[in-house]
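One letter stands for each residue in the lines below.
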Amino acid sequence: MDVGMDVDVDVERNEEAVSRFVERFAAQLTEAGMQRMAARVFAQLLASDGGAMTSAELGEALRISPAAVSGAVSYLTQVSMVSREREPGSRRDRYVLHNELWYETFTRRDQILTQWEKTLREGAAGLGTNTPAGARVAETAAFFEFMQGEMLRMMDRWKEHKATLDLG
């Protein structure tokens, strides 16, 4: 089955549908634990054709204050989901989604899992692996080790699969 998307560049964007998508996806990201305003800004950037917008453009599109944009972008920058670039020929900054956004996000998550696993293994040893708490912490470390291995294999499979897609 061909999963490729046919994109007709002559078709005008339905701004109402775009807004519904942004708010719906932002709500889902918020339910998953992301800050609400950061989720809205991220979803808006994701929905933008260029994957980049200025603070003023984000504020206008989302009907939020410059301070709200600033706080959201600060969070998104801190968690490496967006970066700040100087707009060519201007003193204004643009906020840009990273290339390979999801791949990079999950790769960074893998690094966090490695740190957690190490700390959990040390904690299990300190608690004593024969104690209930030590066994629970050791099992958590084993879970993160398992997740890490699966994540790496999944990312390799994603790269192979992505090469077969016709996404334009």
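Residues numbered from 1 in each chain as written. Predicted model: local features only at pLDDT ≥ 70, side-chain atom pairs only at ≥ 80, totals over all residues. Heavy atoms only, no water.

What follows deals with the overall build of the chain. Counting secondary structure elements, the chain contains 6 helices and 3 strands. Within the chain, the proportion of its 168 residues that are buried is 30%. Residue pairs in contact within the chain that sit at least 24 positions apart in sequence constitute 50% of those at least 6 positions apart. (Helix = DSSP H or I, 4+ residues; strand = E, 2+ residues; numbered from the N terminus. Buried < 20%, exposed > 50% of the residue type's maximum accessible area, 1.4 Å probe, protein only. Contact = heavy atoms within 4.5 Å.)

With that settled, the discussion passes to the packing of aromatic side chains. Here the structure, examined in full by the defined rule, presents 3 aromatic pairs. Judged by centre distance (5.8 Å) and plane angle (10°), the rings of phenylalanine 21 and phenylalanine 25 are stacked. Remark: phenylalanine 25 and phenylalanine 21 occur in helix α1 (residues 15-31); sequence separation between them is 4 residues, near one turn of the helix. On the basis of relative accessible area, phenylalanine 21 is assigned to the partly exposed category, the value being 38%. The interplanar angle of 55° and the centroid separation of 5.8 Å between the aromatic rings of phenylalanine 143 and phenylalanine 144 together place this pair among those described as tilted. (Phe/Tyr/Trp six-rings, centres within 6.5 Å; stacked < 30°, edge-to-face > 60°.)

Each pair of packed helices can be described by the angle between their axes along with the distance between the axes. Across the interface, α1 lies against helix α2 (residues 36-47) with an axial gap of 8 Å and an inter-helix angle of 135°. When the interaxial angle is binned, α1 and α2 end up oblique. Here the hand of the crossing between α1 and α2 comes out right-handed. Two secondary-structure elements touch here, α1 through Val18, Phe21, Val22, Glu23, Phe25, Ala26, Leu29 and Thr30 and α2 through Arg36, Ala39, Arg40, Phe42, Ala43, Gln44, Leu46 and Ala47. (Axes fitted to C-alpha atoms, helices over the stretch in contact; angles between N-to-C directions. Parallel < 35°, antiparallel > 145°, perpendicular 65-115°, else oblique. Left-handed = near helix turned anticlockwise from the far one by under 90°.)

Any two side chains of opposite charge can pair, so long as their charged atoms come close to each other. One pass over the full model with this rule turns up 9 salt bridges. A salt bridge links arginine 40 to glutamate 23; the nearest nitrogen and oxygen atoms lie 2.8 Å apart. Here the residue arginine 40 occupies a position in helix α2, and glutamate 23 occupies one in helix α1, the gap between them amounting to 17 residues. Judged by its relative accessible area of 30%, glutamate 23 is partly exposed. The residue lysine 118 makes a salt bridge to glutamate 122 at a minimum N-O spacing of 3.2 Å. Residue lysine 118 and its partner glutamate 122 are located together in helix α5 (residues 101-127), separated by 4 residues, close to a single helical turn. Residues participating in the shared-partner salt-bridge network are Arg84, Arg86 and Asp93. (Salt bridge = Lys/Arg side-chain N within 4 Å of Asp/Glu carboxyl O.)

This part covers the sheet that holds strand β2 (residues 82-86). Spatially, the 3 strands line up as an open sheet ordered β1-β3-β2, and their pairing is antiparallel. The open sheet has two edge strands, β1 (52-54) and β2, and neither has a second partner. Within this sheet the neighbouring strands show an average axis-to-axis angle of 30°, counted without direction. The pairing of β2 with strand β3 (residues 93-97) spans 5 bridges and is classified as antiparallel. By the bridge assignment, arginine 84 is partnered in β3 with tyrosine 95. This element, α2, spans β1, β2 and β3 of the sheet and lies at about 80° to β3. (Pairing = 2+ DSSP bridges.)

Interpretation in functional terms is not warranted from these geometric data alone.
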